[in-house]
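# Structure assessment
Residues per chain, in single letters:
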Amino acid sequence: MGVIVTAWARCFRSGLALVCGLGAAAAYTLWQLVVEQKFFLHTVFVGRISGSAAQRLPLGYWNVVRLKLTMGWQQLRGEPEALKDYQFKVYKTIRERLQARGVRPGTVTAVQEYQAGDVDPRTFYREHVKTGVPAVIRGFHNGDVSRFRFEALAEQFPQVVAQAVDTAEEKIVSVRLRELVRDRGLRYEPLQALLDQDHELRSFFDADRAGTYFPVLGLPSRPMASFLILGLGKGLAAEFHCEESANWYMAVSGSKRWTLVEAEHTWLMYAAARGDGMRRFSEFKAGPDGTPQDSERFALFDYAPRLEVDLHPGDVLVFPAWMWHKTINLDDEGLGMTLRFAPLARMSNRYFRALQMISPDFWRSIVQVVGGKIRGDTSGLEEAGGFNEQELALR
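Because the structure is a prediction, the values reported are computed rather than measured. (Residues numbered from 1 in each chain as written. Predicted model: local features only at pLDDT ≥ 70, side-chain atom pairs only at ≥ 80, totals over all residues. Heavy atoms only, no water.)

## Quick word on the packing of helix 3 (residues 61-77) against helix 9 (residues 350-357)
At their nearest, the axes of helix 3 and helix 9 sit 10 Å apart, and the two run at 25 degrees to each other. The angle between the axes of helix 3 and helix 9 places the two elements in the roughly parallel class. The element helix 3 and its partner helix 9 pack so that their crossing is right-handed. Along its contact with helix 3, which presents Leu67, Lys68, Leu69, Met71, Gly72 and Gln75, the element helix 9 presents Tyr351, Phe352 and Leu355. Considering only residue class, the contact of helix 3 with helix 9 consists of six nonpolar, two polar and one charged. (Axes fitted to C-alpha atoms, helices over the stretch in contact; angles between N-to-C directions. Helix = DSSP H or I, 4+ residues; strand = E, 2+ residues; numbered from the N terminus. Parallel < 35°, antiparallel > 145°, perpendicular 65-115°, else oblique. Left-handed = near helix turned anticlockwise from the far one by under 90°. Contact = heavy atoms within 4.5 Å. Nonpolar A, V, L, I, M, F, W, Y, C, P; charged D, E, K, R; others polar.)

This is the structure we're talking about:
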């Protein structure tokens, strides 16, 4: 009898999770369509795509509209390469316009920094999270970081499952941490592991401590997704990409250099219409200095103002949704804990939100994630976040 009751309870929770997931998706759609998108008229015909205070460059109103329509067509057709020649003609027109107006190349500046304890969570939320201004908290974790090394983690959590690139098959696979340590990079390139799959793993990094910096109605919130990024190898780089949620990243082993670009400068980043809307990628591959390897074809990037910072174990970097970022490992390891939140904040990229609304894969991911959170079953959610940034090299 107890087994039957348990089975019925499980079915009820699953059904409730599905209904709640669909309800959340419907509410989000209505809000976006009416308030933010204004039935897509605001999205297409307003020049700015974000609510940030970033400087607006004279790209040309109709140039921006043409890029929006072109990328929208690529998304609707599911053909990222459609109208590519036309798209690059628009980029060329923008470049000539900036040159004619004497616009200087973008500068590289530092991210605002705090020492742990110098700023309280409420102030940080008001001055950075809510306004979408990135910041670094140095020494947020001031304990023994040696236990965060990859081999130490694999010894303590051997059964934790991670995503990795199978270099022989050229595809993403699921592999346990202990197998990745034994492999030593011969076949697998580790990518990330879902923190929520193991309560002890999540507690190990004290992940819930970040929730006070993203309050909802004055109370700490839970992230939409939590990952341990497994970047192994000095010089390993993640190409420029952006994500649909605010990011809390804590370096846990090794140092990593970050380069950030405001979402308002998306048209200088050569955004690709790939994936399910959870992430966006730049078309180009960057060199060690963060600039495009093909500097002539992707010349608009020169005009993008950039932020740069080096993170060391225990440091935290917080930046808003859709902010472009690129990383490169400065040491043999570059592990980090990334938590993705959905705070009440300035609109960071109205156009990319619109592209999400026409992506069936995005809605499937939303229902899967929300349903899993409600029923307390996060198994399988490691693949609900769309393409990992490292996958770009496989496409």
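From this point, things continue past the structure.
## Some details on the sheet that holds strand 16 (residues 333-341)
With mixed pairing, nine strands are arranged side by side in an open sheet as 2-3-14-9-16-7-6-4-5. Edge positions in the sheet fall to strand 2 (112-115) and strand 5 (171-176), since each has one partner strand and no second. Averaged over neighbouring strand pairs, the angle between their axes works out to 25 degrees when direction is ignored. Looking at chain direction, strand 4 (residues 161-166) and strand 5 are connected through six bridges and run antiparallel. What sits directly across from valine 161, in strand 5, is arginine 176. Helix-sheet contacts for helix 5 (residues 121-129) involve strand 2, strand 3 (135-138) and strand 14 (316-319), and the interaxial angle to strand 2 is about 175 degrees. (Pairing = 2+ DSSP bridges.)

## Some points on the pairing of strand 13 (residues 306-311)
Of the pairings in the sheet, the one linking strand 1 (residues 108-110) to strand 13 comprises three bridges and is parallel in character. Looking at the pairing, threonine 109 lines up with leucine 307 of strand 13. Here five bridges tie strand 10 (residues 256-261) to strand 13, and the two strands are oriented antiparallel to one another. Opposite tryptophan 258, over in strand 13, you have valine 309 as the bridge partner.

## Side note on the side chain of glutamine 75
Among the secondary structure elements, glutamine 75 is positioned in helix 3. Setting aside anything within four residues of it in sequence, one finds glutamine 75 in contact with Ala273, Gly275, Arg280, Leu355, Ile358 and Ser359.

## A closer look at the packing of helix 3 against helix 4 (residues 84-100)
Running from amino to carboxyl end, helix 3 crosses helix 4 at an angle of 160 degrees, the nearest separation of the two axes being 10 Å. Comparing their axes, helix 4 and helix 3 come out roughly antiparallel. In this structure, the crossing between helix 3 and helix 4 has a hand that is left-handed. The residues of helix 4 that touch helix 3, namely those facing Asn63, Arg66, Leu67, Thr70 and Gln74, are Lys84, Tyr86, Gln87, Val90, Tyr91, Thr93, Ile94 and Arg97. A class-by-class count of the residues in the contact of helix 3 with helix 4 yields five nonpolar, five polar and three charged.

## What about the nonpolar core?
Residues Phe124, Leu177, Leu180, Phe205, Trp248 and Met337 are the most contacted members of the largest nonpolar core, which totals 43 residues. Apart from residues lying up to four places away in sequence, phenylalanine 205 is in contact with Phe148, Leu153, Leu195, Leu228, Met250, Val252 and Met337. (Core = buried A, V, L, I, M, F, W, Y, C linked by side-chain atoms within 4.5 Å. Buried < 20%, exposed > 50% of the residue type's maximum accessible area, 1.4 Å probe, protein only.)

## Some details on the environment of leucine 307
With respect to the helices, strands and loops of the structure, leucine 307 is situated in strand 13. Sequence separation of leucine 307 and alanine 110 is 197 residues, and the distance between their C-alpha atoms is 5.5 Å. Apart from residues lying up to four places away in sequence, leucine 307 is in contact with Thr109, Ala110, Val111, Pro134, Trp258, Thr259 and Leu260.

## Focus on the pattern of salt bridges
Scanning all chains against the criterion turns up 20 salt bridges. Residue lysine 84 pairs with glutamate 283 through a salt bridge whose shortest N-O separation is 2.5 Å. Of this pair, lysine 84 sits in helix 4 while glutamate 283 sits in the loop between strand 12 (279-282) and strand 13, and the two are 199 residues apart along the sequence. One salt bridge connects arginine 138 with aspartate 315, and the closest N-O pair in it is separated by 2.6 Å. Taken together, the residues span a long stretch of sequence, with arginine 138 in strand 3 and aspartate 315 in the loop between strand 13 and strand 14 at a distance of 177 residues. Judged on exposure class, the residue arginine 138 and its partner aspartate 315 are both buried. Among the charged side chains, a network of salt bridges with common partners joins Glu81, Lys84, Arg274 and Glu283. (Salt bridge = Lys/Arg side-chain N within 4 Å of Asp/Glu carboxyl O.)

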